[in-house]
Amino acid sequence: MTITPEREAELLASVPTGLLINGEWRDASDGGTFDVHDPATGKVLATLASATSDDAMAALDAADAAQASWARTAPRERGEILRRAFDLIQERAEDFALLMTLEMGKPLAEARGEVTYGSEFLRWFSEEAVRDYGRYLTTPEGKNKILVQRKPVGPCLLITPWNFPLAMATRKVGPAVAAGCTMVLKPAKLTPLTSQLFAATMMEAGLPAGVLNVTSSKSASGISGPIMQDPRLRKVSFTGSTPVGKQLLKDAADNVLRTSMELGGNAPFLVFADADLDKAVEGAMAAKMRNMGEACTAANRFLVEKSVAADFTAKFAQAMGDLKLGRGTEDSSTVGPLIDGGARDDVHALVTAAIEAGAEAVTGGAPREGDGYFYQPTVLSNVPNDAEILRSEIFGPVAPVTTFETEEEAIQLANASEYGLASYLYTADYNRMFRVSEQLEFGMVGFNAGVISNAAAPFGGVKQSGLGREGGSEGIAEYTTAQYIGIADPYAV
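Here the structure is a predicted model, which means the values were calculated and not measured. (Residues numbered from 1 in each chain as written. Predicted model: local features only at pLDDT ≥ 70, side-chain atom pairs only at ≥ 80, totals over all residues. Heavy atoms only, no water.)

So, the nonpolar core
Selection criterion: As used here, the term nonpolar core means buried Ala, Val, Leu, Ile, Met, Phe, Trp, Tyr and Cys residues forming a set that is joined through side-chain atoms within 4.5 Å. Only protein chains enter the accessibility calculation, which uses a 1.4 Å probe. A residue is then buried if its area is under 20% of the maximum for its type, exposed if over 50%, and partly exposed in between. The helix count covers DSSP runs of H or I at least four residues long, the strand count covers runs of E at least two residues long, and both are numbered beginning at the N terminus. What makes two residues a contact is simply this: any of their non-hydrogen atoms within 4.5 Å.
Core analysis: the largest hydrophobic core is formed by 63 residues, its most contacted members being Leu 193, Phe 198, Met 202 and Leu 212. At eight residues, helix 6 (residues 167-179) tops the list of elements feeding residues into this core. Beyond its immediate sequence surroundings of up to four residues, Leu 212 is in contact with Leu 20, Val 173, Met 183, Leu 185, Ala 199, Met 202 and Leu 207.

Considerations on a nonpolar patch on the surface
Convention followed: Residues forming no salt bridge and having over 30% relative accessible area are the ones grouped into patches, like charges within 9 Å of each other and nonpolar side chains (Val, Leu, Ile, Met, Phe, Trp, Tyr) within 5 Å. For the accessible areas, the method is Shrake-Rupley and the probe is 1.4 Å, while residue cover comes only from the protein chains on display. Criterion for a salt bridge: a side-chain nitrogen of Lys or Arg within 4 Å of a carboxyl oxygen of Asp or Glu.
Residues Tyr 136, Ile 485 and Ile 487 make up a contiguous nonpolar surface patch of about 260 Å² in total accessible area. For Ile 487, a relative accessible area of 31% corresponds to the partly exposed category.

Points about the packing of helix 13 (residues 407-415) against helix 14 (residues 430-439)
Where we set the bar: Between N-to-C directions, angles span 0 to 180 degrees; the directions come from axes that are lines fitted to C-alpha atoms, helices contributing only their stretch in contact. In this scheme the handedness of a crossing depends on how the near helix is turned from the far one: anticlockwise by less than a right angle means left-handed, clockwise means right-handed. Residues are grouped as follows: nonpolar covers Ala, Val, Leu, Ile, Met, Phe, Trp, Tyr, Cys and Pro; charged covers Asp, Glu, Lys and Arg; every other residue, Gly included, is treated as polar.
Put simply, helix 13 and helix 14 touch, their axes get as near as 10 Å, and they point 35° apart. As helix 13 packs across helix 14, the resulting crossing turns out to be right-handed. Across the interface between the two elements, Glu 407, Ile 411 and Asn 415 of helix 13 pack against Arg 432, Arg 435, Val 436 and Gln 439 of helix 14. Looking at the contact of helix 13 with helix 14, its residues break down into two nonpolar, two polar and three charged.

Some remarks on helix 11 (residues 306-321)
This is how the line gets drawn: In this scheme, a helix's expected span is set at 1.5 Å multiplied by one less than its residue total.
Taking 1.5 Å of rise per residue, the 16 residues of helix 11 would be expected to cover 22 Å, and the 23 Å separating its terminal C-alpha atoms lies within 8% of that figure. Taken together, the buried positions of helix 11 are Val 308, Ala 309, Phe 312, Thr 313, Phe 316, Ala 317 and Met 320. Buried residues in helix 11 make contact with strand 12 (267-271), helix 10 (277-289), strand 13 (299-305), strand 14 (360-363), strand 15 (378-381) and strand 16 (398-404).

Points about unusual backbone geometry
In this structure, Val 256 takes a positive phi of about 50° despite not being glycine. Looking at the secondary structure, you find Val 256 in the loop between helix 9 (242-254) and strand 11 (258-262). With a phi close to 60°, Met 292 is a non-glycine residue in the positive phi region. The class of Met 292 is buried, set by a relative accessible area of 1%.

Quick word on the environment of Ala 74
Here Ala 74 lies in the loop between helix 2 (53-72) and helix 3 (75-91). In this structure the C-alpha to C-alpha distance between Ala 74 and Ala 178, which are 104 residues apart in sequence, comes to 9.9 Å.

Quick notes on the layout of surface pockets
Counted only if it meets this: Only protein atoms enter the 1 Å grid used here, on which a cavity is any set of points holding a 1.4 Å probe that cannot leave and a pocket is any open set flanked by protein within 12 Å on both sides along at least five of seven lines; residues with an atom within 4 Å of a point are listed as lining. Grid points are joined across faces, edges and corners, and a volume is the space filled by probe spheres set on the points.
Taken as a whole, the largest pocket holds about 990 Å³ of empty space. Listing elements by their share of the lining of the largest pocket, those giving two or more residues are helix 6, helix 8 (220-228), strand 10 (235-239), helix 9 and helix 12 (341-356). For the lining of the largest pocket, the residue count by class is 25 nonpolar, 13 polar and nine charged. Taken as a whole, the second largest pocket spans an internal volume of roughly 210 Å³. Around the second largest pocket sit Pro 107, Ala 109, Glu 110, Met 285, Ala 286, Met 289, Arg 290, Leu 323, Ser 333, Thr 334, Val 335 and Val 451, which together line it. Those elements giving two or more residues to the lining of the second largest pocket turn out to be helix 5 (108-128) and helix 10. Its residues assigned to classes, the lining of the second largest pocket comprises eight nonpolar, two polar and two charged.

What about the pattern of salt bridges?
With the rule as written, the count across this model stands at 24 salt bridges. When the shortest N-O distance is used, the salt bridge between Asp 61 and Arg 232 registers 2.8 Å. Here Asp 61 is found in helix 2, whereas its partner Arg 232 is found in the loop between helix 8 and strand 10, with 171 residues between them in sequence. Residue classification places Asp 61 among the partly exposed residues on the basis of a relative accessible area of 38%.

Structural notes on the sheet that holds strand 5 (residues 135-138)
Remark on secondary structure: sheet strands pair via backbone hydrogen bonds, oriented parallel or antiparallel. Going by this rule: Only strands joined by at least two bridges in the DSSP assignment are considered to pair.
With antiparallel pairing, the three strands of this open sheet are ordered in space as 5-6-22. Both outer strands of the open sheet, strand 5 and strand 22 (480-488), are each paired with one neighbouring strand and no more. Mean inter-strand twist for the sheet, computed between neighbouring axes without regard to direction, equals 20°. Pairing of strand 6 (residues 144-152) with strand 22, which is carried by nine bridges, proceeds in the antiparallel orientation. Within strand 22, the position partnered with Ile 146 by the bridge is Gly 486.

In short, geometric facts, not functional conclusions.
So this is what it looks like as structure tokens:
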């Protein structure tokens with residue numbers, strides 16, 4: 001399917017460019033704006049209103065004013081709004097997919113996959129809204145009754161990253177709506193257009209004014225700073241880098257805010273000698289190349305048992321070398337650009353340092369010349385265990401391969417990271433799967449599977465990869481508090 005310039009222009013013209021505050025789209029209070037660029041060409045896609053600190057406080061005012069009535073809204077009604085939004089996104093799947101491709105760079109096929117994945121959080125939490133159970137029981141000594149009810153935590157600040165513009169918004173907004181919380185959503189300045197269109201869709205689905213407010217801005221701190229200092233805010237949910245997450249945790253401590261932090265990753269991909277190597281390569285491609293490697297769950301280190309390392313690396317390099325770089329709207333493209341020039345340069349610096357330390361580029365190893373921020377899909381072999389590329393989150397289409405000789409060594413190498421988000425394990429031995437998984441210090445493990453994210457599963461990590469979980473039944477719990485009511489038992493003796 002050919003995407004014409006006219007089709008792109010028509011879609012971009014349909015995206016709101018203002019701030020959504022109390023149900024109305026408005027200009028920034030100081031009239032400020034910022035541009036959104038196409039990473040494949042560098043051209044300006046749209047110019048958006050840039051929220052100020054005053055706009056942030058206006059958004060919080062709206063969320064606070066709407067909180068009481070929204071919390072009293074029937075769970076079924078909240079669920080129906082989410083379900084209508086899910087249906088609307090399904091109807092407009094091509095619009096959302098193309099918009100993500102334009103502002104983020106991922107190929108259209110992958111953007112369509114994100115529409116499916118991202119919208120599923122709306123359907124999942126539409127069903128969870130009516131299943132947010134409390135409990136009722138008798139105290140052990142039989143004197144009182146225990147009533148526990150779940151209540152919305154209150155106004156939330158939701159800060160989303162640039163790499164999954166739809167899914168990161170729905171993964172936070174879905175459970176907040178289901179739980180009865182109001183929100184201020186701050187999208188990443190690099191990819192805010194999808195959030196703008198998503199917010200308009202939520203309003204069309206019947207979300208009341210003030211429940212969801214959107215403050216796109218060129219200054220993240222200008223939004224988060226004043227809101228997090230206000231005692232009316234009760235929760236902050238952030239997806240992004242660990243350094244920024246740490247600062248937000250410090251800021252959250254002043255008002256003892258509830259926090260959900262989905263931070264950096266350094267996912268190991270373990271391949272044992274008994275694994276089906278063709279399946280392992282297929283899984284490696286999925287785990288590495290989702291979003292051009294610009295994903296916190298992306299496989300970052302390939303740890304392969306020494307006896308099969310050469311075969312695995314050759315097959316993997318062949319598959320990576322067959323990928324086609326290009327603008328995401330091109331039918332032949334399977335790898336889009338990185339998000340900006342800085343990201344491309346950071347990736348190349350890691351590759352260069354690894355090669356200087358003794359690694360070999362089996363395929364790729366350099367940026368592509370010309371327009372856009374493209375980097376060649378790259379496989380590095382013979383990577384030293386102390387190389388910086390094994391300690392850093394690459395966030396690009398680069399796969400460093402190193403080896404191990406024993407199961408114990410594989411586990412030690414896998415856990416040798418400050419991060420603990422996703423991990424992957426390929427083996428034919430189910431006993432090894434259980435044995436190794438229990439020793440891996442990661443919040444998620446993929447067993448013979450390269451893609452494990454799902455709206456019905458708890459997504460999150462340990463160590464410096466963050467706090468809390470998104471998705472699953474755990475996802476709505478992040479937006480609620482437990483209230484205990486002790487009731488005197490009239491029949492107690």
